[in-house]
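Each chain, letter by letter, is given below.
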Amino acid sequence: MDKLLEQIKKGTVWAFPGGIHPPQQKSLSNSASITRLPLPDKLIVALKQHIGANGKLLVEKGQHVLKGQPLTEPAANWSVPVHAPSSGVVTDIAPMPSAHPSALPELSVIIEPDGKDEWVALNKNKNPAELSHDELINIIHQAGISGMGGAGFPTYVKADTKQPIEFLIVNAVECEPYITADDVLMREHAKEVIQGIEIMQQLLNPTLCIVGIEDNKPEAIAAMKQAAEHNSKIIIQTVPTIYPSGGEKQLIKLLTNREVPSIGIPADIGILVHNTGTLFAVQQAVYEGKPLIERIVTVTGNTIHKPGNVWTLLGTEIKHLLDCQGFSPVPQQSVVMGGPMMGFTLPTVRIGIVKTTNCILAPDHKELAEPGPEKACIRCSACADACPASLLPQQLQWFAKSKEYDKLQEHNLFDCIECGACAYVCPSEIPLVQYYRIAKVEIKEQQAEKIKADRAKERFDARKERLEREQEERQNRHKRKPAAKSADEKQKVAEALARVKNKSDNGDEKSAVAAAIARAKAKKQQGEELEPDNSEVAKERALRKEQARKYKEQKSQTDESAETAPVDDKKSAVAAAIARAKAKKAAQANEEPQNDAPADDKKSAVAAAIARAKAKKAAQALDNAEQSTNEAPQSDAPVDDKKAAVAAAIARAKAKKAAKALEEAEQTTSEEPQTDAPVDDKKAAVAAAIARAKAKKAAKALEDTEQTQLQVDSAAPKSAESNTDDSSDLINADKPKSADDKKKAAVAAAIARAKAKKLQKEGNNQS
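Residues numbered from 1 in each chain as written. Predicted model: local features only at pLDDT ≥ 70, side-chain atom pairs only at ≥ 80, totals over all residues. Heavy atoms only, no water.

1. What to know about the overall build of the protein chain
Scanning the protein chain for helices and strands turns up 22 helices and 16 strands. Looking at the protein chain as a whole, 41% of its 767 residues qualify as buried. Pairs at least 24 apart in sequence give 75% of the contacts found in the protein chain among residues at least 6 apart. Accessible surface for the protein chain amounts to roughly 42600 Å². Of this, 51% is attributable to carbon and sulfur atoms. (Helix = DSSP H or I, 4+ residues; strand = E, 2+ residues; numbered from the N terminus. Buried < 20%, exposed > 50% of the residue type's maximum accessible area, 1.4 Å probe, protein only. Contact = heavy atoms within 4.5 Å. Areas by Shrake-Rupley, 256 points an atom, 1.4 Å probe, with all protein chains shown as cover.)

2. Concerning the sheet that holds strand S9 (residues 208-214)
Backbone-to-backbone hydrogen bonds join strands into a sheet, with any given pair of strands oriented parallel or antiparallel. Across the sheet, 4 strands lie side by side as S10-S9-S8-S11; this open sheet has parallel pairing. One side of each edge strand has no neighbouring strand; the edge strands of this open sheet are strand S10 (234-239) and strand S11 (271-275). The average undirected angle you get between the axes of adjacent strands in this sheet is 25°. Note that strand S8 (residues 167-171) and S9 share 5 bridges and pair parallel. Along S9, the bridge assignment pairs Ile169 with Ile210. (Pairing = 2+ DSSP bridges. Axes fitted to C-alpha atoms, helices over the stretch in contact; angles between N-to-C directions.)

3. Some details on helix H4 (residues 181-188)
For H4, a buried count of 6 out of 8 residues is recorded, marking the element as mostly surrounded by other parts of the structure. Residues Ala181, Asp182, Asp183, Val184, Leu185 and Met186 constitute the buried set of H4.

4. What to know about the sheet that holds strand S13 (residues 308-313)
Here we have 6 strands laid out as an open sheet, ordered S1-S13-S12-S16-S14-S15, and mixed in their pairing. Two strands close off the open sheet at either side, each with one partner strand: strand S1 (35-36) and strand S15 (344-345). Pairing geometry for S1 and S13, over 2 bridges, is parallel. Paired with Arg36 across the strands is Trp311, a residue of S13.

5. Quick notes on the nonpolar core
The nonpolar side chains of a soluble globular protein tend to be buried with one another. In terms of nonpolar packing, the biggest core is built from 67 residues, with Ile197, Leu203, Val211, Met224, Ile318 and Ile360 touching the most fellow members. Among the elements that take part in this core, helix H5 (residues 190-204) stands out by supplying 8 residues, more than any other. Discounting residues that sit within four places of it in the chain, Ile318 has contacts with Val335, Met337, Leu346, Val349, Ile351, Ile353 and Ile360. Formed by 28 residues, the second largest nonpolar core is a distinct cluster that contains Ile210, Ile252, Ile271 and Met341. (Core = buried A, V, L, I, M, F, W, Y, C linked by side-chain atoms within 4.5 Å.)

6. So, the packing of helix H11 (residues 393-401) against helix H14 (residues 432-478)
To characterise two packed helices, one gives the angle between the axes of the helices and the distance between these axes. Their axes nearest at 9 Å, the elements H11 and H14 cross at an angle of 50°. As the angle between them shows, H11 and H14 are arranged oblique. Regarding H11 and H14, the two cross each other, and that crossing is left-handed. Between H11 and H14, the contacting residues are Pro393, Gln394, Leu396, Gln397, Ala400 and Lys401 on the first element and Leu432, Tyr435, Tyr436 and Ala439 on the second. When the residues that make up the contact of H11 with H14 are grouped by side-chain class, the tally is 7 nonpolar, 2 polar and 1 charged. (Parallel < 35°, antiparallel > 145°, perpendicular 65-115°, else oblique. Left-handed = near helix turned anticlockwise from the far one by under 90°. Nonpolar A, V, L, I, M, F, W, Y, C, P; charged D, E, K, R; others polar.)

7. Focus on helix H7 (residues 248-256)
Given 3.6 residues per helical turn, the α-helix brings residues three or four places apart onto the same face. For H7, a buried count of 7 out of 9 residues is recorded, marking the element as mostly surrounded by other parts of the structure. Taken together, the buried positions of H7 are Gln250, Leu251, Ile252, Lys253, Leu254, Leu255 and Thr256.

8. A look at the pattern of salt bridges
Between side chains of opposite charge, a pair can form when the charged atoms approach closely. Under the defined criterion, the tally for this structure stands at 23 salt bridges. With a shortest N-O distance of 3.9 Å, Glu317 and Lys42 are connected by a salt bridge. Placement of the pair is Glu317 in the loop between S13 and helix H9 (318-324) and Lys42 in the loop between S1 and strand S2 (43-46), with a sequence separation of 275 residues. The partly exposed category is assigned to Lys42, whose relative accessible area is 33%. With a shortest N-O distance of 3.9 Å, Lys124 and Glu288 are connected by a salt bridge. Here Lys124, found in the loop between strand S7 (105-113) and helix H2 (133-142), pairs with Glu288, found in helix H8 (residues 276-288); they are 164 residues apart in sequence, far enough to count as distant. Using a relative accessible area of 26% as the deciding quantity, one classes Glu288 as partly exposed. (Salt bridge = Lys/Arg side-chain N within 4 Å of Asp/Glu carboxyl O.)

9. Remarks on the pairing of S10
Burial analysis of S10 places 5 of its 6 residues in the buried class, which makes it a mostly covered element. Judged from the 6 bridges that link them, S9 and S10 form a sheet pairing that is parallel. Paired with Val211 across the strands is Ile236, a residue of S10. Crossover handedness for the path S9 to helix H6 (residues 218-227) to S10: right-handed. (Right-handed = clockwise from strand over helix to strand, strands pointing away.)

10. A look at the confidence of the model for the protein chain
When pLDDT is averaged along the protein chain, the result is 79, and 69% of the positions lie at 70 or above. Below a pLDDT of 50 lies the segment residues 668-679, which in the model reaches 19 contacts outside its immediate sequence neighbourhood of four places, other chains included. (pLDDT = per-residue confidence, 0-100.)

If you want it as structure tokens, here you go:
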């Protein structure tokens, strides 16, 4: 750092790449002093004359304003106000053509001056050193000062930077041909410029301030050195005349040998650059209290009879400047705002002067010839050699024509300062800078659209997330668990569960199921996850399966015993007799006296005796049927197997029906003498009648059984005769079937005899 300071103080200057030497043409306008124009008929003050947002409008149509009165106030970041250049009446507030190559309309305030040029009250400061940092920044901000070298960056933003600044550089190079506004400003107002520099030193506290001036301005150099003699931290440095040495990055390289990074700003490397005209405006705002309402404009060109520099109120129409300086247009005359290298041709001269306007050039056709038709690139590399930013202009032009914006950014298109050096040296007369400007605009539009799309997507995602969250909250409101139960409610639930459990232990199948349901309901009330308890049902199902298994085993054993039973008729009869004896013995052992209860009515006793007699008669008839059944299988005649089986089945059904009738009669008879209460005569008679009817029904059933047995006996000989007439083949085919059916008939007969014996036993018990 110390070595660099020593080199700078010695006057060392470093070179930057590229650069050209176009004709200067500065002598046309720098030989005369600065003049002041008469008041124009109207002032067109654009609301936006800087980089940043528009201010908030403070005036309305028809309002009278004073010179220096604010027309807008800051409303957003990087927003600075504009002021009335002269006193007068606001005649209109409307969009007007802007100071831009497109001349797109910008909202403007149109003022008709009243000729009085009356100022508002001004706040002057004789000793700015007594003002605080914030007070100085506020003065600069409210004065509406922005960069007057061409960019229009708000000065208060630069002055209030939080980054440490080592070098404050004053750009007084003014390298573009024809322009001499800064030159004459330094000649005539060097003291005010130095005071502006000292105000910035107070704000930024830099290590050193370097004022760079081209060596083609000796009068300005001398004036500035004289004005800065008292301040050792201000160095007036002379730089060689080469275009574009007035570029910000190129001037930093010239004076400090430092390079600003790509897509970076000078403050990133501890350097801040201000224009001479900007510093003069700062001095006027702080010392005199004047806002930025006028500036020096160079009016020059071969068509201007009185070229020179004039103090011009902001908003003055360009036509007024040309007329005041003796403009003599030529056919197809062009008027350029700015210099021949970086300026642009105006579509109309009815445009107001803005804060960044430093020159109005009105050349003739010899001075600034019309460019010829564009030819093909010959790849001479002259443009690359002249580029002060070390870019590849021909490559950028190809990408711009094919709209390959990604590759343009990869090749650092935005490092281009649009100095025009490449187009100046191009032998094919390709308007390279125009391609770059259009590509930059389109890329910025794409980036703006992308930002809008990203913001829209963020809003959409936020809305979607909000809707999902609200839907989830609505669903959760319905899924909320019930409030915690009190101790009394919990006790009641526990008691209910205990009762259900006791009932389940002492009850039957229904109580077990009910207990399971009760437990499920209780768990549901407590908000627990339900798992059905099927243990009781499973036990009952297992018990039923076990009973079914045992029943199948008994049935299979019975079938086996029936199949293995002797088919011999005599043996079957013996077995039936043994069974009847055992059944009779069991009946006698279980017989209980049923006549203990005294009969209160004589008629009731008689009716009961009659009923018992009929029951005995029915039992005897059943016994006869049994004997007939026993005799049936002893017949020697061959029996038709199928008919015999059918008859046996019918006999069994009728025997079962008779047994049921006898049992009902027995019940009726046994119920009569067991009543302890005295029986009414009429009721006893009814009971006796019922008993007689049931006995009669049982007797009829026995008669049907006897008839069926007789039919079985008579069917045997007929079947034998029928079988005799059949052919020998049919007889042989029926023989094995006859043996099986006989076996089944014997079993059926044995079962019928057992049931008959049982009925007989019950009849004896009744008697």
